[in-house]
Amino acid sequence: MLIHKETKSILLRVKNLNKLNEFLPDRYEFVDFKGHNVSIPHGLEETKILNNLGVPVPSPILYYYNWPGPFPAWEHQKYTAAQLTLNRRMYVLNEAGTAKTASSLWAADYLMQQGMVRKCLIACMLSTVESVWMDEIFSFLMHRTSSLLVGDRKKRIANLEKDVDFYVINHDGVEVISKELKARKDIDLLILDEASVYINARTTMYKKMCELIRPDMTFWPMTATPTPNAPTDAWALARMTTPSNVTPYFGSFRDLTMRQVNQFKWVERENAHELVFKVLQPAVRFKKSDCIDLPPVVFKSRRCDLSDEQKKLLTDMRNKDVLQAKSGEKISAINAADKLNKIRQLLCGVIKQTETGVYVPLDFRPRLKLLIESIDEAHAKVLVIVPFKGIIYELQKHLHKIYSCAVINGDVTPRRRREIIKAFKTSKDPHVLLCHPKVMAHGLNLTEADTLIFYGPINSNDEAMQVVERFNRKGQTRKMTVVKFSSHFIEDRIYKNIETKQLGQDKTLSLYNDYLRGEDDGKS
């Protein structure tokens, strides 16, 4: 096989014309060129047909597209875009930091050029609608137009009525204008960013997204973590994307990939990953280490003491919980999780009042001292990931006396977040970002930092991995340090459960029971 760029042709050596006569009867002609006797136009449809016949013809995008944008396209980006152009249903599972956003936009742009896509809808995290997708469309596809579908229902509908190439909406926003989106038959490409949000098929958000996906629509779900918690996470995404690849019922898929140990505990079967691989096809997957050279990441665990006030409150809380357990009151996984959250708040330095929702600060000087020491050890800017909103503001009160710092959490408007992030990336100040993981977990590039501090563990595999990727990505030139703070075996165990993807009801109950028994830090 030979690709003849000058004539945009595929040249083949063919002995038997039966298959060509059956599938490409009017699209080939005879030639005599370097041993090749058949010429076929190098178009997308012809390429797809030949690939289905077992002839591995590369996508035309690799030969005739100019790859617009501020940076040259990497080879893995070109390959990803090429695979997208050849598959109407395609999983993009490239790791975070591999610039898969640009790959999907290039593929969409090429399909629009070829008249195979009219308009594209992009559904993503609210934190990335502007700072990632709208910015990337402007940077890489300046010849294209876009509209942002956020705000109240009236504003979303007004922006949807604009005649543009790309519409960008947050995941939850799909439900707000679901009827209007379904009526737009000219939207024939849907890019679903951070698709692991849709691993629960029982949610309204999942159901509304499935209603939006038409059989004739091109659909590309993208996530670096398709199974953040267990192999069963793949079922909902497969039912949404390639339903013929997977069993129609979750229970049967769970039985294929997991084995039940007791009432609450399920463990992976040995062949679970092989089954998940088959289910999530066709797919493209690049590891960051295979395609981008980055400095090393060093992980450190730092132990900090508790103040006398924290120790006393922790003892009193445990004594009360032990008495409750001895009274025979049954503790559910939900109640156990709630009690563990209160303990985690106490360890961080605040307690949230149940009645008012107000965070009451404690004496947390030992952990604050460790935080200041860790910030001082950094050679560049610092990201501090804080699991509770209340402690963020307490930390800001203390740290602003020493460093320039800013807060990014749910209270900060998207516009203000963009201003803060721009300042962090382009100016001397702020030196420290105090961040809640919910608004930091996806899309951002913060390579100006060389140190990331987990002020306490966050109870999510996906968020923990994504947060680290905010500075471990293209543009990073410094050795990176991730520091994990802990004061109690509960925090140690959560870190371990995150690393081993062992979060669930059984682990929550086990951890709470160990806390009641007074297990020490060595308990694993």
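Starting afresh in each chain, residues are numbered from 1 along the sequence in its written order. This being a predicted model, a pLDDT of at least 70 is required before a residue's local features are given, and a value of 80 or more before pairs of side-chain atoms are given or counted; all residues contribute to the totals for chains, interfaces and linings. The basis for every side-chain value is the complete set of heavy atoms in the structure, and neither hydrogens nor water enter the calculation.

1. Description of the packing of aromatic side chains
For clarity, the threshold we go by: Note on aromatic pairs: the rings of Phe, Tyr and Trp (six-membered ring only in Trp) are paired at centre separations within 6.5 Å, and the planes decide the class, stacked below 30 degrees, edge-to-face beyond 60, tilted for the rest. Here the term buried applies to any residue with accessible area under 20% of the maximum for its type, exposed to any over 50%, and partly exposed to those in between, with areas from a 1.4 Å probe on protein chains only. Strands here mean DSSP runs of E at least two residues long; helices mean DSSP runs of H or I at least four residues long; both are numbered from the N terminus. Two conditions define a charge sitting above a ring: the NZ of Lys or the CZ of Arg must be within 6 Å of the ring centre, and it must be within 35 degrees of the ring normal.
Counted under the stated rule, the structure contains ten aromatic pairs. Ring plane angle 80° and centroid distance 5.0 Å describe the contact between Tyr65 and Trp67, whose orientation is recorded as edge-to-face. Overall, the relative accessible area of 7% leaves Tyr65 in the buried class. With a centroid separation of 5.6 Å and 40° between ring planes, the pair formed by Tyr512 and Tyr515 is classed as tilted. Taken together, the positions of Tyr512 and Tyr515, both in helix H22 (residues 505-517) and three residues apart, correspond to about one turn of that helix. Tyr515 shares its class with Tyr512; the two are buried. Linked through ring pairs, Tyr65, Trp67, Trp106, Tyr110 and Phe140 together constitute an aromatic cluster. For the cation-ring pair, Lys8 lies above Tyr64, with the distance from its terminal atom to the ring centre recorded as 5.3 Å. The aromatic ring of Tyr455 is capped on one face by Arg367, whose charged end is 5.4 Å from the ring centroid.

2. Some thoughts on the pattern of salt bridges
Heads up, the condition is: When a carboxyl oxygen of Asp or Glu is within 4 Å of a side-chain nitrogen of Lys or Arg, the pair counts as a salt bridge.
Here the structure, examined in full by the defined rule, presents 30 salt bridges. Between Glu180 and Arg153 there is a salt bridge; the shortest N-O distance is 2.6 Å. In this pair, Glu180 sits in helix H9 (residues 178-183) while Arg153 sits in helix H7 (residues 153-160), placing the two residues 27 residues apart along the sequence. Its salt-bridge partner being Lys312, residue Asp316 comes within 2.9 Å of it at the nearest N-O pair. A residue pair is termed a helical-turn pair when its members lie 3 or 4 positions apart in one helix, as Asp316 and Lys312 do in helix H15 (residues 308-326) at four residues. A network of salt bridges, in which partner residues are shared, links Asp109, Arg144 and Asp165.

3. So, the nonpolar core
Just so we agree on the cut-off: Within this scheme, the nonpolar core is defined by two criteria: the residues are buried Ala, Val, Leu, Ile, Met, Phe, Trp, Tyr or Cys, and they are joined through side-chain atoms within 4.5 Å. Residues are treated as being in contact if the distance between any of their heavy atoms lies within 4.5 Å.
If you look at the biggest cluster of nonpolar residues, it comprises 46 residues, and the most contacted ones within it are Ile343, Leu433, Leu446, Leu452, Phe454, Ile490 and Tyr515. Here the element with the most residues in this core is helix H16 (residues 333-348); it accounts for six residues. For Tyr515, the contacting residues outside a window of four places in its chain are Met317, Arg318, Asp321, Ile343, Phe489 and Ile490. One finds Leu44, Ala73, Leu105 and Phe166 within the second-largest nonpolar core, a separate group that totals 39 residues.

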